[in-house]
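Coordinate analysis (summary)
Residue-level listing of the chains:
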Amino acid sequence: MIAPFELVRAGSLAEALELLESDPEAHVLAGGTALVLLMKQGLLRPSRLIDIGGLAELRGIRMNGDLRIGALTTHLEAERSALVRRHCPALASCFGTVATVRIRAQGTVGGNLAHADPAQDPPPMLVALGAVAVLESGAGRREVPMEDLFVDVFETSIGPGELLREIVVPPLAEGARATYVKFLPRTEDDYATVSVGAVLRVDADGRCADVRVALGSVGPTPVRARRVESALRGERVTPARLREAAMLVREEVDPIADARGSAAYKREMAGVWTERALRALLP
Amino acid sequence: MKLDHSARIDAPVERVWAIVSDVPRAGRLVPGVGPVEPLGADRYRGTLRVQIGPVRLDLAGDIEVTSRDETARTAALRLDAADHRLGGAVRATMRLALTQATPSTTDIRIETDAQVLGRIGELGEPIIRRKADRIVSELIANLAREASS
Amino acid sequence: MPAERLLSDLLRDDLGLTGTKIGCGVGVCGACTVLVDDVPVTSCLLLAAQAEGRSIRTIEGIADGDRLTALQRAFITEGGFQCGICTPGQIVSATALLERSAHPAEGEIRDWMKGNLCRCTGYYGILRAVRAAAEASA
């Protein structure tokens, strides 16, 4: 069913980068859940896959003030990691809402980001948390803020010859709270109709000291809700103000109609779920 | 799948018409289109490359101008193209209408009705629609640039 | 072995282990669940080459010969299956859950098992079976 291809196993990160450089048409195999499916559907017929699954350099979770998650960490490992849970419980539970346990056990954090499916869970949460993607190539290393990683449906700013090495999640500021909510009107294992990652910090006099909101499933990439954020920053966060600000998101999203709802419905739900996410973060 | 695009272009209608009625020239304004060769009798052959993330479609096929009205400045095209490697095809009709808005500006309307057949359809209509929408929008933007320069 | 061989096809067609079922073929239904290094994966979306050198457990390797596990017996006594097509995947998934967490909370069971679809039982029998197996091991 899958067209024949050559599988080349990279023994080290350096070797993987060399292979990538020498064959720009090759595709990278990590967990394979998305890639193998595209190949089964016949939408992708690569002549060569570079299997990076064995690269120890890309595995594991570390803390050095920031949380650093290796690209080949599976969602299940990230969800259950004591380091991730301590650093940001909302991020751990976000990883825990991805698809099903089997897909989480197989699919990798880096593969998920590189696939850039706009209905995925971690991207909006990581955008809200201000995470950074670390890309490696033969030419060196560069860091890309998570919101600049996503360019379009299934398209990222990862260049030819570049590999996503790890993601870096800065600590939440003192007093900040984070959440990830997902609207699933059909079944528990479905893609979200809309999802919201949000971080809110309210100071001692009840003013919004900082806020970051990003949505999934309602645009070709995660949508950073800048209007919502600027309507709240510096303001006293009453439930009424929160609601008014949240509804501004309807002008920022760009949903498409599909089996999960019409574009108009998703726009409306984006407002409702942005409000719910932010309300859950009030002190 | 139906798409409807309208825009105002900063160029006189004669000028815009001259570009769009020259199919190989208009083809160069469509992102991803390779050289368009005439086959005679208002028929042409060309290729279109569309990249959707890791998925690349290489469509090859024919374009036929099925009607052309020089005075009303309307035209209709039929496109029939296939990607034999992936297994899939696109059939589309496009209706184009130009109207003089002012002596120096033109209103353009492009109505597209496309059918996506075979494996390409696995991408799902919403994604295909967004891509098709972007291709037509870019065509109009490139046309506006070329006509007004 | 060709690079394009899927683990599910290797198991069923090359090794004759047909207990692993292929349902949806797109990673949704869970009928093809097997354990790779004790972790449940979707064998219809895993290249066999990705499992090279790792330990694979299929439904055929769950029971000890003819002696069913407590979980398998609970599927029978609690009515955890009807037509049976999803059952190997259900049992493989639940086995992994109980190995990790001997007494899982209700929410943990539901979350873990939500990727194994069943069109017959309405899931209650399956949940009862997992709970009963967990209690039996107390």
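Residues numbered from 1 in each chain as written. Chains lettered and ligands numbered in written order. Predicted model: local features only at pLDDT ≥ 70, side-chain atom pairs only at ≥ 80, totals over all residues. Heavy atoms only, no water.

Side note on the interface of chain A and chain C
In this complex, chain A contributes 28 residues to the contact, which on the side of chain C involves 29 residues. Here chain A and chain C share an interface that buries about 2,300 Å² over both sides, 57% of which is from carbon and sulfur atoms. At the surface where chain A touches chain C, the tally comes to 12 residue pairs in polar contact (both at pLDDT 80 or more). Listing elements by their share of the side of chain A that touches chain C, those giving two or more residues are strand 1 (6-9), helix 2 (33-40), helix 3 (75-80) and helix 6 (101-106) of chain A. If one sorts the elements of the side of chain A that touches chain C by residue count, helix 6 of chain A sits on top with 6 residues. (Contact = heavy atoms within 4.5 Å. Buried area = accessible area lost by both parts, 1.4 Å probe. Polar contact = N/O pair within 3.5 Å; in protein donor to acceptor, adjacent residues only side chain to side chain. Helix = DSSP H or I, 4+ residues; strand = E, 2+ residues; numbered from the N terminus.)

Quick notes on a nonpolar patch on the surface
Judged by side-chain polarity, L68, I76 and F81 of chain C come together as a nonpolar surface patch covering roughly 260 Å² of accessible area. With respect to the helices and strands, I76 of chain C occurs in helix 2 (residues 70-77). (Patch = residues over 30% accessible without salt bridge, like charges linked within 9 Å, V, L, I, M, F, W, Y side chains within 5 Å. Areas by Shrake-Rupley, 256 points an atom, 1.4 Å probe, with all protein chains shown as cover. Salt bridge = Lys/Arg side-chain N within 4 Å of Asp/Glu carboxyl O.)

Describing the interface of chain B and chain A
At the interface, 17 residues of chain B touch 19 residues of chain A. Here chain B meets chain A over a buried area of about 1,600 Å², counting both sides, of which 57% is carbon and sulfur. Of all residues in chain B, P54, P126 and R130 of chain B bury the most surface against chain A, accounting for 36% of the area lost on that side. Applying the counting criterion to the chain B and chain A interface returns 4 salt bridges. There are 5 residue pairs in polar contact (both at pLDDT 80 or more) connecting chain B and chain A.

Section: the pairing of strand 6 (residues 132-137) of chain A
Regular strands show a simple pattern: their side chains alternate between the two faces of the sheet. Residue and element names in this part refer to chain A. A large share of strand 6 lies buried, amounting to 6 of its 6 residues. Bridge count between strand 6 and strand 7 (residues 140-145): 6 bridges; the pairing is antiparallel. From the neighbouring strand, V132 faces strand 7, where its bridge partner is P145. As judged from the 5 bridges shared by strand 6 and strand 10 (residues 163-169), these two strands associate in the antiparallel manner. Bridge assignment links E136 to a residue of strand 10, and that residue is L163. (Buried < 20%, exposed > 50% of the residue type's maximum accessible area, 1.4 Å probe, protein only. Pairing = 2+ DSSP bridges.)

Comments concerning unusual backbone geometry
All names here are of chain A. Its identity as a non-glycine residue notwithstanding, A99 has a phi of 40°, on the positive side. Note on placement: A99 falls in the loop between helix 5 (89-95) and helix 6. Residue A99 is classed as partly exposed on the basis of its relative accessible area of 26%.

Remarks on the packing of helix 3 (residues 87-100) of chain C against helix 5 (residues 124-136) of chain C
All names here are of chain C. The geometry of helix 3 relative to helix 5 is characterised by a closest axis approach of 11 Å and an angle of 35° between their N-to-C directions. Of the two possible hands of crossing, helix 3 and helix 5 adopt the one that is right-handed. Here Q90, A94, L97 and L98 of helix 3 come into contact with helix 5, specifically with I126, V130, A133 and A134. Of the residues that constitute the contact of helix 3 with helix 5, the class distribution is 7 nonpolar, 1 polar and no charged. (Axes fitted to C-alpha atoms, helices over the stretch in contact; angles between N-to-C directions. Left-handed = near helix turned anticlockwise from the far one by under 90°. Nonpolar A, V, L, I, M, F, W, Y, C, P; charged D, E, K, R; others polar.)

A short note on the sheet that holds strand 7 of chain A
Residue and element names in this part refer to chain A. Read from one edge of the open sheet, 5 strands run 4-5-10-6-7, paired in antiparallel fashion. The strands lining the two open edges of the sheet, one partner per strand, are strand 4 (61-64) and strand 7. Ignoring which end each strand starts from, the neighbouring axes of this sheet average 25° apart. In this fold helix 1 (residues 13-22) packs onto strand 6 and strand 10, with an angle of close to 125° to the strand it touches most, strand 10.

Some thoughts on empty space enclosed by the protein
Residues and elements named next belong to chain B. Across all of its chains, the model carries 2 cavities of 30 Å³ or more by this definition. Roughly 970 Å³ of volume is contained in the largest cavity. Along the wall of the largest cavity there are 47 residues; nearest its centre are V30, L48, L79, M94 and I135. Elements supplying a minimum of two residues to the lining of the largest cavity: helix 1 (13-20), helix 2 (23-27), strand 3 (43-52), strand 4 (55-69), strand 5 (74-83), strand 6 (88-102), strand 7 (105-118) and helix 3 (125-148). (1 Å grid on protein atoms, 1.4 Å probe; cavity = no way out; pocket = protein on both sides within 12 Å on 5 of 7 lines; lining within 4 Å. Points joined across faces, edges and corners; volume = space filled by probe spheres on them.)

Remember, this is a structural readout, not a statement about activity or role.
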